[in-house]
Amino acid sequence: MPTSQTWLLRPLQERSTQIFLGVLFAAVALVTLLHLIMPEGHALHVSAYTVTLLGKYLCYALLAVAVDLVWGYLGILSLGHGAFFAIGGYAMGMYLMRQIGDRGVYGDPVLPDFMVFLNWDSLPWYWQGFDMAWFAFIMVLLAPGLLALVFGFLAFRSRVTGVYLSIITQALTFALMLAFFRNEMGFGGNNGLTDFRDILGFNLRTDATRLGLFIATGIALAIGYVICRGIVTSKLGRVSVACRDAEARTRFLGYRVERVQLFVFVVSAMLAGVAGALYVPQVGIINPSEFSPLFSIEIVVWVALGGRATLYGAVIGAILVNYAKTVFTGVMPDAWLFALGGLFVLVTVFLPKGIAGLLQKRQKPDEDSNADPSKPKPQEATA
Amino acid sequence: MGIFRWLTPLCLKALHLNPLGLVLLMALSLPAYSQTEADPGQALLTNLADASSREMDAAIEAIVDSGDPRARDWLNAFGNNRLSRIEETGQVVEVLRNVGRNWTIADPLTGENLGEMSRRELDRVNINNAIRGKLEGVLAMLDLYSDNPEVQEAAAEAMMGKVNASVVKPLTKLLERDLPGPIRNRIEESVAIYQLEQGDAEAQAQAITVLTGSLHSNARAALNNAVAGDDPALAASAKEALVSIEQKLKMNRAAETLYFGLSLGSVLVLAAIGLAITFGVMGVINMAHGELIMLGAYTTWGMQQLLPGQPGLALILSIPAGFLVAALAGIAIERSVIQHLKGRPLETLLATFGVSLILQQLVRTVISPLNRSVTTPEWMSGSLVINDALSLTLNRMYVIGFALVVFAGLMLIMRKTRLGLEVRAVTQNRAMARSMGIRATRVDILTFGLGSGVAGLAGVALSQITNVGPNLGQNYIIDSFMVVVFGGVGNLWGTLLAGLSLGTINQILEPWAGSVLAKIMVLVLIILFIQKRPKGLFPQKGRAAEG
Amino acid sequence: MSIKKHVKLGLSALALSVSFHAMAAEDPIKVGILHSLSGTMAISETALKDTMEMLIEQQNAKGGIDGRQLEAVVVDPASNWPLFAEKARELLEKEKVDVIFGNWTSVSRKSVLPVVEELNGLLFYPVQYEGEESSENVFYTGAAPNQQAIPAVDYLKNELGVERWVLAGTDYVYPRTTNKILETYLKDMGVAEADIMINYTPFGHSDWQSIVSDIKTFGSAGKKTAVVSTINGDANVPFYRELGNQGIASSDIPVVAFSVGEQELTGIDTGPLVGHLAAWNYFMSVDSDANYDFIDAWIEYKGDEKAVTNDPMEAHYIGFNMYVEAVEKAGTTDVDAVKDAIIGVSVPNLTGGYATMMPNHHITKPVLIGEIQDNGQFSVVWETSSTVAGDAWSDFLPGSRDLISDWRAPLKCGNFNVKSGTCGASAGEQALADAE
């Protein structure tokens with residue numbers, strides 16, 4: 001565990017973090033200004049549509065940072081991070097549903113619409129408390145964190161590693177997807193949660209709220225980044241890199257590998273949950289397809305594309321892939337999967353260190369060279 | 001099944017001829033009608049076409065009673081929705097080909113081909129389910145007099161639950177003849193069902209004795225009705241009969257569930273075994289594996305397009321073709337992508353994920369986003385009837401057999417051939433194998449080709465069970481990974497056992513948990529099992545397990 | 001590419017007519033098309049995109065609307081629900097389209113709904129759905145449950161004498177709601193609880209062995225049994241295959257499906273399915289001149305003699321023509337004007353009758369029952385004597401029994417509660433106000 005009180009402040013003294021935060025805040029501020037000051041119709045005006053779109057990208061970026069933390073620095077390829085993202089999203093969605101109140105189509109003051117027309121007569125226990133923002137926001141952290149804790153405890157304790165771990169994380173998210181599709185679960189089944197109105201008393205359908213959410217996402221990403229940076233630069237971070245590169249040796253040196261893994265995994269899951277929670281009010285819907293294993297694989301691809309074990313690379317990858325998706329689905333709707341698939345292949349084959357690798361080449365080898373995961377692992381016995 | 005039975009050779013109440021003789025007779029007698037006096041068939045068909053749904057019975061009866069040798073054909077055409085009227089002239093015609101905007105028609109009286117006609121100018125002679133059911137009964141009645149025991153048996157089967165007052169007498173009379181055992185039983189049962197519903201007390205009591213041993217669903221239906229009826233004595237004895245039937249059924253149901261499980265399991269094994277080779281042996285996580293399965297399935301479809309009318313032959317040829325197509329595609333993937341990712345197994349996952357997206361969209365663009373229809377050959381459709389309550393579907397039985405053959409073949413290759421030896425050597429220690437003179441690159445290509453080819457074979461088999469469409473692969477990729485991991489990476493026996501046991505567990509859970517929950521439970525089971533045994537059922541041992 | 005073609009076409013036509021019509025100088029009318037071209041729903045939605053492009057081309061050849069050409073704006077929401085909302089926003093805010101035709105799944109419509117309401121757009125939704133919705137900005141040209149499910153059950157009961165019911169569906173909202181409605185409806189008719197079996201399966205379910213075996217057992221209880229299937233797209237092929245192989249013929253246990261149309265049948269070998277049923281408001285085999293013309297145009301447009309038409313395509317055909325008529329009536333593409341003008345508009349449907357836009361934004365439709373034939377088509381065996389008006393709120397669900405929808409001037413409410421006399425959403429506020 002990080003013992004020093006300053007572990008969170010240390011990254012702020014790093015140049016790379018300062019640059020990252022500087023760019024992020026400058027971008028958020030620029031978008032905000034262009035949206036507010038420029039008149040509509042002006043070439044430089046940023047529409048509310050674009051603001052929300054950028055907000056969505058930032059949510060994905062935070063999610064990618066969370067994945068990079070476990071994959072890049074801990075060596076755990078999680079193919080189920082979409083599950084934590086979605087659970088965070090559902091926690092937020094439940095809060096937003098309760099905020100609708102009696103403005104639903106049936107005018108029921110307590111029950112969400114989908115419960116009314118499926119004849120539910122009272123709110124299930126797990127929906128209690130979600131009318132209070134503080135409770136919902138705690139659950140956004142707690143629910144994914146708890147799932148990660150239980151799952152991670154079982155998995156790391158019995159030393160499940162490598163592909164086995166990847167595949168059971170996939171099984172986890174797949175099972176959750178099937179479960180959330182069931183209407184008996186009380187989460188709206190396939191239709192999910194939608195038709196949100198207010199958040200914290202602000203109308204979700206106004207541009208001001210959208211801008212607010214965008215800024216909040218920017219701040220969340222900054223905090224998430226600093227937390228991750230703080231972890232990886234602490235002693236804990238170095239131990240986790242050691243776990244990644246030689247788990248057995250680290251264990252033999254006397255470190256409690258599974259505790260390190262568990263801690264980092266839970267932090268990562270919580271970050272993913274926050275990303276999900278910020279995502280839902282901006283896109284306006286949460287449905288079980290966020291649990292789909294393919295989505296989780298896609299997140300990993302963003303990280304790989306941006307550059308594994310760099311954190312800022314994950315941000316770049318997430319934004320780039322999703323921007324490409326937005327553009328391609330509009331410009332070449334029939335062929336965008338070719339472009340996307342081709343991108344994945346080319347990047348993994350020709351850019352093993354991702355885009356971050358390209359950037360790093362220009363710089364002098366920095367202090368992170370020990371965090372290069374693409375080096376072949378030394379032979380070691382794990383059994 | 002009903003309609004196909006009608007395609008069986010002709011037979012008639014009046015003429016006890018063998019089928020061949022009858023066809024000859026028909027061929028001789030045809031021209032005589034059409035050239036001289038008005039053909040009575042004309043009136044019969046017009047009558048049928050004009051009939052309202054109430055008059056339908058009479059119109060059909062009239063055709064049967066006419067004793068016309070062509071009656072069978074007409075009723076068949078009618079049952080198959082192939083009778084139409086030309087809007088302008090009112091002439092009733094048989095539609096030979098009813099695909100597209102222009103239909104090929106023929107004169108049902110003479111069999112003469114009348115060429116093509118626009119669909120706009122034709123009015124279909126309507127038939128619906130209710131009439132079709134009656135028609136089946138009528139045709140079955142005709143078939144009962146056939147000399148061909150197979151036709152007779154099928155007809156007797158079809159009579160179950162369709163006996164009414166008008167056929168009970170001829171049926172009872174038929175029983176006086178010398179009939180083969182199964183046919184006799186069937187007819188007795190179908191008469192008993194009628195008697196149980198309509199007969200007097202004595203007949204009812206006798207009917208219950210006949211039905212007591214029967215596992216047929218119609219027999220149970222009749223008994224159930226008797227239990228619900230107003231006669232308490234009858235209800236009691238019917239109940240007793242039902243209880244004894246239930247007992248027999250239990251065994252059959254258990255056997256059925258086991259079969260379902262094995263069949264689902266063998267599908268899983270087929271889908272996963274190719275992955276077990278590329279993933280287990282080579283350490284390549286091939287996310288495009290599902291799309292290779294899809295290619296195999298599309299090859300089957302393509303073969304059937306090349307050989308129209310011979311779905312069986314096309315299917316058999318698809319086995320080597322599907323293997324080749326998928327193997328070549330696999331080798332292309334290996335050469336172009338995977339070989340650049342040596343030593344980075346998790347990154348093969350990402351690159352091949354891209355490949356899978358490309359392949360999916362390729363199929364959508366080049367072929368169609370729609371599912372393709374793959375025909376099941378005659379010998380694979382239907383089921384093998386063990387008894388009335390237990391019948392094993394043939395397509396799935398073939399798939400079980402096919403899975404076992406593929407598995408055995410792979411085991412042979414891995415254990416008995418030079419390639420297998422080299423593959424095992426490279427798997428265990430690449431550097432050492434190379435220094436012993438094994439060309440590791442060549443082994444990689446061949447192994448990947450083999451694994452991909454097997455995926456193609458899975459696709460050929462799956463085309464007989466499920467959709468052939470661009471999403472086919474996606475539906476199986478996750479299951480395949482689960483099976484391989486559950487069984488233990490790199491162990492073919494593990495894959496076999498894992499596939500079969502997961503399939504069986506799923507089918508045992510499904511009846512009481514529902515299919516969604518059953519699937520979730522299986523996934524949770526896998527997660528928990530991996531906690532218990534982090535390397536699957538059969539963990540790899542020794543140095544190969546490292547890294 | 002196709003967009004460019006249309007723009008070009010539009011421009012050249014513009015150049016020709018500019019001297020005759022002053023109006024022609026205006027910008028083209030932009031029609032947004034929001035159908036998935038990739039992902040799982042591409043299988044169904046691609047044809048609808050093509051239908052819209054064809055209809056727009058035809059309308060432009062006729063001189064557009066009031067001399068203004070139409071221009072299609074195609075985007076791909078890729079079967080991804082949040083992306084639907086994003087793309088709808090893009091269409092309305094960035095492309096400034098005048099109307100959107102799109103969506104297939106309910107969840108995609110639910111995702112788009114807040115966006116079109118907020119930005120005051122127009123959406124024509126062409127697929128049969130579960131009802132329980134009425135939005136000022138959405139026009140539902142597909143069937144509501146009372147235009148498909150209930151007539152189908154009536155047919156099975158009255159014509160085939162069915163007394164025992166299997167309600168089998170994919171586990172999502174449309175089957176859940178439809179089955180709920182049917183369950184209430186059947187029980188109201190006196191069907192016992194024991195004679196109804198309800199079964200749900202996940203999306204893309206492919207192993208139907210034990211379910212079909214259960215259906216077989218359920219059907220052997222002595223009463224005529226039928227399966228009412230709301231099984232979704234991809235799961236149907238293995239389902240019907242299993243039915244055929246386990247020897248369940250249509251004359252023993254007929255299956256009536258609400259989600260299987262001509263397009264789904266192109267992926268199935270229909271030989272073993274002859275006689276199973278489907279309920280729709282349109283079949284390709286319908287014998288009417290309008291239909292034959294539509295089919296001819298479609299085949300020509302696709303350049304494929306085997307191209308099929310289906311019910312949602314007809315819905316787009318109707319919806320598009322209604323929009324054209326409403327714009328002509330209103331004399332503008334202004335959304336509010338079109339919304340008012342379109343209510344009461346009648347256009348020919350493809351089955352030889354007329355479809356009218358009702359005040360609840362649903363349309364009138366005939367209900368047809370068809371039997372599957374060996375050529376992948378349906379033959380109509382029964383149809384309602386007149387058209388049925390779509391019901392936004394089902395009479396067979398407790399929550400919506402008292403709700404009606406009327407978007408005409410004085411009421412202007414999508415969920416008016418006839419009991420409390422208030423517009424649904426504000427019912428609670430009203431009660432609060434009364435209490436004070």
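Small disclaimer: the values here were computed from a predicted structure and weren't measured. (Residues numbered from 1 in each chain as written. Chains lettered and ligands numbered in written order. Predicted model: local features only at pLDDT ≥ 70, side-chain atom pairs only at ≥ 80, totals over all residues. Heavy atoms only, no water.)

1. What about the overall build of chain B?
Okay, step 1: When helices and strands are counted, chain B shows 22 helices and 7 strands.
Okay, step 2: Dimensions of chain B along its principal axes, counting C-alpha atoms only, are 90 × 65 × 35 Å.
Okay, step 3: Burial statistics for chain B: of 547 residues in total, 54% are counted as buried.
Okay, step 4: Within chain B, residue pairs in contact and separated by at least 24 positions form 66% of the contacts whose partners lie at least 6 positions apart.
Okay, step 5: Carbon and sulfur atoms make up 60% of the accessible area of chain B, which totals about 23,100 Å². (Helix = DSSP H or I, 4+ residues; strand = E, 2+ residues; numbered from the N terminus. Buried < 20%, exposed > 50% of the residue type's maximum accessible area, 1.4 Å probe, protein only. Contact = heavy atoms within 4.5 Å. Areas by Shrake-Rupley, 256 points an atom, 1.4 Å probe, with all protein chains shown as cover.)

2. Here we look at the packing of helix α6 (residues 162-181) of chain A against helix α20 (residues 472-487) of chain B
Describing two packed helices takes the angle between their axes plus the distance from one axis to the other.
Okay, step 1: Running from N to C, α6 of chain A and α20 of chain B point in directions that differ by 135°, and their axes come no closer than 10 Å. As summarised for this structure, α6 of chain A and α20 of chain B are arranged oblique, according to the angle between their axes. In this structure, α6 of chain A crosses over α20 of chain B, and the sense of that crossing is left-handed. For the pair formed by α6 of chain A and α20 of chain B, the contact residues are Y164, I167, Q170, A171 and F174 of chain A on the first element and I478, D479, F481, M482 and V485 of chain B on the second.
Okay, step 2: Tallied by class, the residues present in the contact of α6 of chain A with α20 of chain B amount to 8 nonpolar, 1 polar and 1 charged. (Axes fitted to C-alpha atoms, helices over the stretch in contact; angles between N-to-C directions. Parallel < 35°, antiparallel > 145°, perpendicular 65-115°, else oblique. Left-handed = near helix turned anticlockwise from the far one by under 90°. Nonpolar A, V, L, I, M, F, W, Y, C, P; charged D, E, K, R; others polar.)

3. Details of the interface of chain A and chain B
Okay, step 1: On the chain B side, the residues contacting the 43 residues of chain A number 43 residues.
Okay, step 2: Around 4,000 Å² of area is buried between chain A and chain B when both sides are counted, 78% of it from carbon and sulfur atoms.
Okay, step 3: Sorting the residues of chain A by area buried against chain B places Y164, L337 and F338 of chain A first, and these three jointly supply 17% of that buried surface.
Okay, step 4: Joining chain A to chain B, the criterion identifies 0 salt bridges.
Okay, step 5: For the pair chain A and chain B, the number of links is 4 residue pairs in polar contact (both at pLDDT 80 or more).
Okay, step 6: Put simply, the parts of the chain that give the side of chain A that touches chain B at least two residues each are α5 (133-157), α6, α11 (293-306) and α13 (336-350) of chain A.
Okay, step 7: Split into classes, the residues belonging to the side of chain A that touches chain B amount to 31 nonpolar, 7 polar and 5 charged. (Buried area = accessible area lost by both parts, 1.4 Å probe. Salt bridge = Lys/Arg side-chain N within 4 Å of Asp/Glu carboxyl O. Polar contact = N/O pair within 3.5 Å; in protein donor to acceptor, adjacent residues only side chain to side chain.)

4. Thoughts on the state of the cysteines
Okay, step 1: Taken as a whole and judged by the stated rule, the model has 1 disulfide over all chains.
Okay, step 2: What pairs with C413 of chain C in a disulfide is C423 of chain C, and their sulfur atoms sit 1.9 Å apart. Note on the C413 of chain C and C423 of chain C pair: the S-S dihedral is about 100°, so by sign convention the disulfide is right-handed. Note that C413 of chain C is positioned in strand β18 (residues 413-417) and C423 of chain C in strand β19 (residues 422-423), a separation of 10 residues in sequence.
Okay, step 3: Take C59 of chain A: it sits in no disulfide, and the sulfur closest to it among the cysteines is that of C228 of chain A, at 15 Å.
Okay, step 4: Overall, C59 of chain A belongs to the buried group, its relative accessible area being 0%. (Disulfide = S-S within 2.5 Å.)

5. Describing helix α5 (residues 71-79) of chain B
Residues and elements named next belong to chain B.
Okay, step 1: Counting buried residues along α5, 8 of its 9 residues qualify, which places the element largely inside the surrounding structure.
Okay, step 2: Considered for burial, the residues of α5 that qualify are A71, R72, W74, L75, N76, A77, F78 and G79.
Okay, step 3: Residues of α5 that are buried sit in contact with α3 (40-50), α4 (56-65), β1 (83-86), β2 (92-97) and α6 (129-143).
Okay, step 4: A positive phi of about 65° marks N81, the residue just after α5.

6. A few points about the packing of aromatic side chains
Okay, step 1: Using the criterion set out here, one finds 48 aromatic pairs over all chains in the structure.
Okay, step 2: Judged by centre distance (5.6 Å) and plane angle (70°), the rings of Y106 of chain A and W393 of chain C are edge-to-face. Taken together, the residues Y106 of chain A in the loop between α3 (81-100) and α4 (113-117) and W393 of chain C in the loop between β16 (388-389) and β17 (403-406) connect one chain to another.
Okay, step 3: With relative accessibility at 12%, the residue Y106 of chain A sits in the buried group.
Okay, step 4: In textbook terms, an aromatic cluster arises when at least three aromatic residues are bridged by ring pairs, as seen for Y90, F114, W125, Y126, W127, F180, F187 and F291 of chain A.
Okay, step 5: Just above the ring of F218 of chain C sits the side chain of R164 of chain C; from NZ or CZ to the centre is 3.8 Å.
Okay, step 6: Above the face of the Y200 of chain C ring, R176 of chain C is positioned so that its terminal group lies 3.8 Å from the ring centre. (Phe/Tyr/Trp six-rings, centres within 6.5 Å; stacked < 30°, edge-to-face > 60°. Lys NZ or Arg CZ within 6 Å of the ring centre and 35° of its normal.)

7. Some details on the interface of chain B and chain C
The figure often quoted for interface size is the accessible area lost as the parts come together.
Okay, step 1: Taken together, the contact pairs 64 residues of chain B with 66 residues of chain C.
Okay, step 2: Considering only the surface of chain B that becomes buried against chain C, R101, R120 and N129 of chain B emerge as the three largest contributors, covering 14% of it.
Okay, step 3: In this assembly, chain B and chain C are joined by 9 salt bridges.
Okay, step 4: Note that R101 of chain B and D296 of chain C form a salt bridge whose closest N and O atoms lie 2.8 Å from each other.
Okay, step 5: Among the residues forming the side of chain B that touches chain C, the class breakdown is 18 nonpolar, 29 polar and 17 charged.

8. With respect to the pairing of strand β15 (residues 378-383) of chain C
Okay, step 1: Bridge count for strand β14 (residues 368-372) of chain C against β15 of chain C is 5 bridges, and the pairing is antiparallel. Looking at the pairing, G370 of chain C lines up with V380 of chain C of β15 of chain C. (Pairing = 2+ DSSP bridges.)

9. Side note on unusual backbone geometry
All names here are of chain C.
Okay, step 1: Notably, K96 is not glycine yet its phi reads approximately 50°, a positive angle.
Okay, step 2: Along the chain, the position of K96 falls in the loop between α3 (81-94) and β3 (99-102).
Okay, step 3: The phi angle at N120 is positive, at roughly 50°, despite the residue not being glycine.

10. Examining the confidence of the model for chain B
Residues and elements named next belong to chain B.
Okay, step 1: This prediction gives chain B a mean pLDDT of 83; 92% of its residues lie at or above 70.
Okay, step 2: The element-level mean pLDDT for chain B is lowest in helix α1 (residues 2-5), coming to 37, with helix α13 (residues 289-306) highest at 95.
Okay, step 3: Scored below 50 in pLDDT, residues 1-35 makes 57 contacts in the model with residues more than four places away or belonging to other chains. (pLDDT = per-residue confidence, 0-100.)

11. Quick notes on the pattern of salt bridges
Okay, step 1: According to the stated counting rule, one finds 58 salt bridges over all chains in the structure shown.
Okay, step 2: The salt bridge partner of R205 of chain A is D195 of chain A, with a shortest N-O separation of 2.9 Å. Of this pair, R205 of chain A sits in the loop between β3 (202-203) and α7 (207-233) while D195 of chain A sits in the loop between β1 (193-194) and β2 (198-199), and the two are 10 residues apart along the sequence.
Okay, step 3: For D195 of chain A, a relative accessible area of 15% gives the class buried.
Okay, step 4: With a closest N to O distance of 3.6 Å, K339 of chain C and E136 of chain C form a salt bridge. Remark: E136 of chain C occurs in the loop between β4 (123-125) and β5 (138-140) and K339 of chain C occurs in helix α12 (residues 335-342); sequence separation between them is 203 residues.
Okay, step 5: Taking relative accessible area as the criterion, K339 of chain C reaches 6% and is therefore assigned buried.

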